[in-house]
Amino acid sequence: MELNLVVPVEPGAMRERGDEEIKGRLWRVTGPHSPEQIKHLKFHCISYVWGPGTEEAGSFFDCKRPISDKTRLALEAAINAAELLKREDFRPQIEKIEAFWIDALCIPQLEGESRQATLESMGYIYSSAVSVIVVLQGPIWGIIEAAAAGQSPSPFPLSELQVLEQDKWITRVWTYQELVNGADTYFTTINPGVGTPVVQVQRFLNCVGASLNKWKKENEQGEMGVLDNFPHLNILEEALGDILMNGYLERTALGILSNIGLRDLNVNFPQNRLLACLGALTKEASWGAASNSLEQLADKLMELCEARNDYSFIYTSDERSDEMGLRWRPNSNGPAHLIPVINWYSTIPAFDLIGTTQNAHRDESGFWLDNLIRLRPSASIDLHAVKQIERYLFGYQDPDNPTHIQIGIFKPGIGETPDWREDLLRFLLKIGFTGCREPQICEMGLFYSQRDIWDLEEVELFAASSIVWKFGNPGLARWKEHGIVKYCAGVYAGLLKEEQGESVLMI
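Bear in mind the structure is a predicted one, so any value in this text is a computation, not a measurement.

Asks: Even after reading the chapter, I still don't get the overall build of the protein, so can you show me in this structure?
Replies: Helices and strands together make up the secondary structure of the protein, namely 17 helices and 20 strands. In terms of C-alpha radius of gyration, the protein reaches 25 Å, essentially the compact-globule figure of 23 Å for 507 residues. Counting only C-alpha atoms and orienting by the principal axes, one finds that the protein spans roughly 85 × 60 × 40 Å. Taken across its 507 residues, the protein has 51% of its residues classed as buried. At a minimum sequence separation of 6, the contacts of the protein that also span at least 24 residues come to 68%. Accessible surface, the protein: about 23,400 Å² in total, of which carbon and sulfur atoms supply 49%. Averaging the coordinates of the 47 positive side-chain charges in the protein and doing the same for the 69 negative ones gives two points 3 Å apart.

Asks: Teacher, can you tell me more about the pattern of salt bridges here?
Replies: Should their charged atoms come close, side chains of opposite charge can pair. Taken as a whole and judged by the stated rule, the model has 25 salt bridges. In this structure, Arg-329 and Glu-306 form a salt bridge, with 2.8 Å as the shortest nitrogen-oxygen distance. Of the two residues, Arg-329 is situated in the loop between helix 15 (294-307) and strand 11 (360-363) and Glu-306 in helix 15; the sequence distance between them amounts to 23 residues. For Asp-322, the salt bridge is made with Lys-486, and the minimal N-O distance between the two is 3.9 Å. Residue Asp-322 is found in the loop between helix 15 and strand 11, and its partner Lys-486 is found in strand 19 (residues 484-494); the two are separated by 164 residues along the sequence. What makes Asp-322 exposed here is its relative accessible area of 58%. Its relative accessible area of 24% is what places Lys-486 among the partly exposed residues.

Asks: Sorry, what's going on with helix 2 (residues 71-85) here?
Replies: Three- or four-residue spacings in an α-helix give side chains the same orientation, since the helix completes a turn every 3.6 residues. Across its 15 residues, helix 2 extends 21 Å between first and last C-alpha, which sits within 8% of the 21 Å expected from 1.5 Å per residue. Listed in full, the buried residues belonging to helix 2 are Thr-71, Ala-74, Leu-75, Ala-77, Ala-78, Ile-79, Ala-81, Ala-82, Leu-84 and Leu-85.

Asks: Whenever I open this one, the side chain of Ser-312 confuses me. Can you help?
Replies: Residue position: Ser-312 is located in the loop between helix 15 and strand 11. For Ser-312, a relative accessible area of 0% translates into the label buried. Only 3.0 Å separates the side chain of Ser-312 from the backbone nitrogen of Leu-254, close enough to count as a polar contact. If sequence neighbours within four positions are ignored, Ser-312 has contacts with Thr-252, Ala-253, Leu-254, Thr-357, Gln-358 and Ile-467.

Asks: How should I be thinking about the pairing of strand 16 (residues 445-449) in this particular structure?
Replies: Along any regular strand the residues' side chains alternate between the sheet's two faces. With five of its five residues buried, strand 16 lies for the most part within the structure. By the alternation rule, side chains of strand 16 split into Gly-445, Phe-447 and Ser-449 and Leu-446 and Tyr-448, which are all buried. As defined by bridge partners, strand 15 (residues 440-442) adjoins strand 16 across three bridges and the pair is classed as antiparallel. By the bridge assignment, Gln-440 is partnered in strand 16 with Phe-447. The turn linking strand 15 back onto strand 16 is made up of two residues. Two elements, strand 16 and strand 19, share five bridges in a ladder whose sense is antiparallel.

Asks: Explanation requested: the side chain of Arg-115 in the structure shown.
Replies: Inspection of the secondary structure puts Arg-115 in helix 4 (residues 113-119). Taking relative accessible area as the criterion, Arg-115 reaches 17% and is therefore assigned buried. Looking at Arg-115, its side chain comes within polar contact range of the main-chain oxygen of Pro-108, at 2.9 Å. When neighbours within four sequence positions are excluded, Arg-115 is seen to be in contact with Arg-65, Ile-107, Pro-108, Gln-109 and Leu-110.

Asks: Hey, could you run me through the packing of helix 13 (residues 253-261) against helix 14 (residues 271-281) in this one?
Replies: Packed helices, taken two at a time, are described by the angle their axes make and the gap between the axes. One way to put it is that helix 13 packs onto helix 14 with a least axis distance of 10 Å and a crossing angle of 135°. Our classification of the angle between helix 13 and helix 14 gives oblique. Along this stretch, helix 13 crosses helix 14, giving a crossing that reads as right-handed. Of the residues in helix 14, those touching helix 13 at Ala-253, Ile-256, Leu-257 and Ile-260 are Arg-273, Ala-276, Cys-277, Ala-280 and Leu-281. The class makeup of the residues in the contact of helix 13 with helix 14 is eight nonpolar, no polar and one charged.

Asks: What is the right way to read the state of the cysteines from this model?
Replies: Such a bond, covalent and formed between the sulfur atoms of two cysteines, is termed a disulfide. A complete count under the given rule lists zero disulfides for this structure. Free cysteine: Cys-45, not disulfide-bonded; nearest cysteine sulfur from Cys-106 at 8.6 Å. The class of Cys-45 is buried, set by a relative accessible area of 0%.

Asks: Even after reading the chapter, I still don't get the nonpolar core, so can you show me in this structure?
Replies: In summary, soluble globular proteins display a tendency toward joint burial of nonpolar side chains. Counting residues in each nonpolar core, the largest one holds 154 residues, and the members touching the most others are Leu-75, Trp-101, Phe-187, Phe-204, Trp-344, Phe-427 and Phe-471. The leading source of residues in this core is helix 2, at nine residues. When neighbours within four sequence positions are excluded, Phe-204 is seen to be in contact with Ile-144, Phe-156, Leu-164, Ile-170, Phe-187 and Leu-236.

Asks: Looking at this model, I keep getting lost on unusual backbone geometry. Mind explaining?
Replies: With the exception of glycine, most residues fall at negative phi, and the peptide bonds are largely trans. Cis peptide bonds are those with omega within 30 degrees of zero, and the linkage from Gly-31 to Pro-32 qualifies with 0°. Note that Pro-32 resides in the loop between strand 3 (25-30) and helix 1 (35-38). Look at Lys-23: it is not a glycine, yet its phi comes out positive at around 55°. For Lys-23, the location among the structural elements is in the loop between strand 2 (20-22) and strand 3. Residues other than glycine seldom take positive phi values, yet Asn-371 does so here, at roughly 55°. Within the secondary structure, Asn-371 is located in strand 12 (residues 366-375). Taking relative accessible area as the criterion, Asn-371 reaches 27% and is therefore assigned partly exposed.

Rules used throughout
Residues numbered from 1 in each chain as written. Predicted model: local features only at pLDDT ≥ 70, side-chain atom pairs only at ≥ 80, totals over all residues. Heavy atoms only, no water. Helix = DSSP H or I, 4+ residues; strand = E, 2+ residues; numbered from the N terminus. Rg over C-alpha atoms; globule rule 2.2 N^0.38 Å. Buried < 20%, exposed > 50% of the residue type's maximum accessible area, 1.4 Å probe, protein only. Contact = heavy atoms within 4.5 Å. Areas by Shrake-Rupley, 256 points an atom, 1.4 Å probe, with all protein chains shown as cover. Lys, Arg positive; Asp, Glu negative; His and termini not counted. Charge placed at Lys NZ, Arg CZ, Asp CG, Glu CD. Salt bridge = Lys/Arg side-chain N within 4 Å of Asp/Glu carboxyl O. Expected span 1.5 Å × (residues − 1). Polar contact = N/O pair within 3.5 Å; in protein donor to acceptor, adjacent residues only side chain to side chain. Pairing = 2+ DSSP bridges. Axes fitted to C-alpha atoms, helices over the stretch in contact; angles between N-to-C directions. Parallel < 35°, antiparallel > 145°, perpendicular 65-115°, else oblique. Left-handed = near helix turned anticlockwise from the far one by under 90°. Nonpolar A, V, L, I, M, F, W, Y, C, P; charged D, E, K, R; others polar. Disulfide = S-S within 2.5 Å. Core = buried A, V, L, I, M, F, W, Y, C linked by side-chain atoms within 4.5 Å.

Printed below as a string of structure tokens:
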């Protein structure tokens, strides 16, 4: 990879080709800096939305390819913001730093190994920065500025939530990795005449969460209502939890894939989803051979996860490898490229399992997935399990405290009797499930497999006890076709019996 930075030219130095004047001073793109130099460099990263407009090659800092017409404005705004961050009246005050990393100028501009390796190193670059300065424009800024005012800002009204939902920075695929990797993150704007040109991001994100909760209560809506009306704010709120736990827990591969999978992706650059996932997964730089295809990127991501003993990437909609001993592993040559079986956030199953994921181990017998619960087929589902699923889907009223009403995923219609199986499937389809719509019935729940496994030989079903959704767990199905063992991921909706998870040999 290469790290290049935009820095001010020393006073009295000769102007060179590509230097640009900003705020009465000359600035220059410097680098690439060596790995040893990088350890001692201090710089800000700049986050912004490119938009459709472009500037021609050579128009700014002698760039070698067309760049966004927002790059110039974003850099100028970030320089202004950095000036304010070092002022004595700004809290918390940070030291004066006049070095900036901005993608259009600092990523190697000519196609090749250096450019691709740098794109694979976004986590390293953003986590190495002193701060991330997010440059916004348009009506979102007035909302953020208001959130920064006062000791306890009020939740956003509906009209402002709708504005935030449509903002391109909130919806873009790169935003998650920039937020979770930034040591300190600040908002600024290119809007003219603003009163508060720098705002800390934490206050805004807290306000988003409070606003969504207030909207749900006032409208008696559950998660399905949020997904219908504010899908992008919903995943922004989820990112807040990962930011708060940054430095304490490692993010799981499945959690990262799920959050980024719900973000807007430019169809002309499908590799950006996996690159953004790599950036959120690791803070290591890519100094080796770069990946030049989606298949190579998917393999690199899986290999990185395997080195961390995080096999949660198996719970994706991909077809499986045909290679002996690896038939459980997603096939990187398939069409999915690590799309989660559903895009939903996980919870912690128990205090002593904080930070756990899908672990595995190897011994002389082969490769084992740990902490799996074997699901038992049944003619019907346990009534207690049905009741718990219904409570999650439709909410409930506490019989000992009638004023306490827990809202579920759905807001049931007045006078209607909800069909929990139909609504469960509707919810799964909403959050990205594309598999078989006819579930396998188990003792304590339903198993929705990615492939249709009805009428196949020796079907076995497993649920991951160390990864938990509020309504169930990711799962794995195994069966035989013409004597050959096959696998696919699935969604288990239901309860797990209180039994110890077992290690299962992957045949």
